[in-house]
Amino acid sequence: MGLDPARVVANLERLRAETGDESGAQRVAWTETWARGRAILADALAGLPVEHERDEAGNDWFTLRGASKRAVLIGGHMDSVPNGGWLDGCLNCLAGAEVVRRLAEEGTPPVTVRLVDWADEEGARYGRSLLGSSAACGSMRDQAELRKLVDRDGVALPNALAAYGVDVDRMTDARRQLKSAAAYLELHIEQGPVLESLGLPLGPVLGTFGVERHRITWTGQAAHSGSTPMAQRRDALAGAAKLALAIREIAAQVGGGAVCTSGNVVCKPGIVTSVVETAEQLLDQRHLDAGQLAELLRLAQEASRRFAEEERIDVAWDRVWGIEPIPFDETLIGLCDEAVREVAGTSHRLPSGPLHDAAEVARSGVPTVMLFVQSLRGLSHTRLEDTKVEHLELSVRALDRLADRTIAWVAGH
Ligand SMILES: [Zn+2]
């Protein structure tokens, strides 16, 4: 009886042994190993008064009925990237299963508690992340494109999903699953270096970053490297180079965790005997606050126009992709803070750089919070991904404390 965090670690070890190899976890969604991983999750809940259901989008739901139909959801994803880590996504599920076990053993909870294993969070096979959660949360709009996707072996997405009982045309029927949802909780490894650098095991997550992603094309004039005096050059790379450095100051100036990355510059003609005529630069800017994100972009665009003038070149901006910041629920962040302090003494709130299923749930209007546990060396999506066992166990305890607080909060309003 009672919560047993060591059982979660044992289940993670079992999962690693049965669904991984020397290169790492191999639970790519819509494969046999993934299905085996999902069976191990179901096994962790065997013998409990928990109903198992697979929805139209392939998400697995485990429901412990409470006195009220209003439900506290705990989520994660059993799928992994190829050669993935042993914790990403499955820690959330197996820790959630342990919390559900503890609650079930104590009798009927005041509200319903549901564990969800989202289908295909990683998008490793078809390049479409958050597939199951976006279908259930109502943001999926790309069914027409999904029908055309083909994997590396030529298998079309609708066929791969059909093998697991999922019909692309009916995926969004999974929306009904969220009707009774009153709160959503997700534990996850941080996948970054912040908690480790602070020497802290756990932290509540404030939300997921908004992203502005742009392609910036600088246009100058190709000219001979030998015969063109320095003062007469119109060097496209000079603009890109100045901007690549300026975004550091812009990030510092805006602050609040702002990050800016110039991820690539492609130069043409790209030979040593010519001044660069065009430089195509990729810029990624992220912030948790929509206004500050817009400010990051405005400052970078303003700087680029100044550099274009200085270098007598042209600059053009193209938006490649973007997403608004998704803040988590203030009350649940507070409850998560309390839970972390209770089990670890100190708490540190931090934003999430990567997107998670939790972002889809939050976007659909369900109060949501995530809990991060420290990642060693900040590594993830590699077999080197790791977290100290003592921290894994603490994270299970914190999720358990958070679940109790959330159940009481939902029952009380
Ligand atoms: Zn994950």
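Rules of the game
Numbering of residues begins from 1 in every chain and follows the order in which that chain's sequence is written. Where local features are concerned, this predicted model is filtered to residues with pLDDT of at least 70; where side-chain atom pairs are given and counted, the filter is 80 or more; whole-chain, interface and lining totals use all residues. Note: side-chain values were computed over all heavy atoms of the structure, leaving out hydrogens and water. The term salt bridge refers to a side-chain nitrogen of Lys or Arg lying within 4 Å of a carboxyl oxygen of Asp or Glu. Numbered from the N terminus, helices here are DSSP runs of H or I no shorter than four residues, and strands are runs of E no shorter than two. Burial status follows relative accessibility: with a 1.4 Å probe on protein chains alone, a residue under 20% of its type maximum counts as buried, one over 50% as exposed, and anything between as partly exposed. Metal coordination here is assigned from N, O and S atoms located within 2.8 Å of the ion, or within 3.2 Å for Na, K and Ca; omission of water means that sites may look incomplete. By definition in these notes, contact holds between two residues if any of their heavy atoms fall within 4.5 Å. Patches here: salt-bridge-free residues with over 30% relative accessible area, like charges joined within 9 Å, nonpolar side chains (Val, Leu, Ile, Met, Phe, Trp, Tyr) joined within 5 Å. Here, Shrake-Rupley sampling with a 1.4 Å probe gives the accessible areas, and only protein chains in the shown set may cover a residue.

> Where do I start with the pattern of salt bridges in this structure?
Charged atoms that come close allow side chains of opposite charge to pair. Enumeration according to the criterion identifies 36 salt bridges in this entry. Of the charged contacts in the structure, one is a salt bridge between Asp-142 and Arg-128, with a shortest N-O distance of 2.6 Å. Here Asp-142 is found in the loop between α4 (131–137) and α5 (143–148), whereas its partner Arg-128 is found in the loop between β6 (111–117) and α4, with 14 residues between them in sequence. For the pair shown, Asp-142 and Arg-128 are each scored as buried. Of the charged contacts in the structure, one is a salt bridge between Arg-401 and Asp-404, with a shortest N-O distance of 3.2 Å. Placement of the pair is Arg-401 and Asp-404 together in helix α12 (residues 389–411), with a separation of 3 residues, close to one helical turn. Using a relative accessible area of 24% as the deciding quantity, one classes Arg-401 as partly exposed. Within the structure, one salt-bridge network assembled from shared partners comprises Glu-53, Glu-56, Arg-114, Arg-170, Asp-173 and Arg-176.

> In this structure, what is going on with the coordination of the zinc ion? I would like to understand it.
Put simply, the ideal angle at a metal is 109.5 degrees for four donors in tetrahedral geometry and 90 or 180 degrees for six donors in octahedral geometry. In this structure, His-77 (NE2), Asp-88 (OD) and His-188 (NE2) serve as the protein donors to the zinc ion, at separations of 2.0 to 2.2 Å. For the zinc ion, the single-chain donor residues occur in sequence as H-x10-D-x99-H. Note that His-77 is positioned in the loop between β5 (68–76) and α3 (90–105) and His-188 in strand β7 (residues 181–189), a separation of 111 residues in sequence. Here His-77 falls in the buried class, since its relative accessible area comes to 0%.

> Sorry, what's going on with the environment of Ala-258 here?
Along the chain, Ala-258 falls in the loop between α8 (236–254) and β10 (259–268). For Ala-258, a relative accessible area of 13% puts it in the buried group. As for Ala-258 and Pro-327, which are separated by 69 residues in sequence, their C-alpha atoms are 15 Å apart. In contact with Ala-258, other than residues within four places in its own chain, are Ala-251, Arg-286, His-287 and Leu-296.

> Which parts of the structure should I look at to understand a nonpolar patch on the surface?
On the surface, Leu-282, Val-320 and Trp-321 cluster together into a nonpolar patch covering about 250 Å² of accessible area. For Trp-321, the location among the structural elements is in strand β12 (residues 314–323). Exposure remark for Trp-321: the relative accessible area of 35% places this residue in the partly exposed category.

> Can you walk me through the side chain of Ser-304 in this structure?
Inspection of the secondary structure puts Ser-304 in helix α9 (residues 290–311). The exposure class of Ser-304 is buried, given its relative accessible area of 0%.

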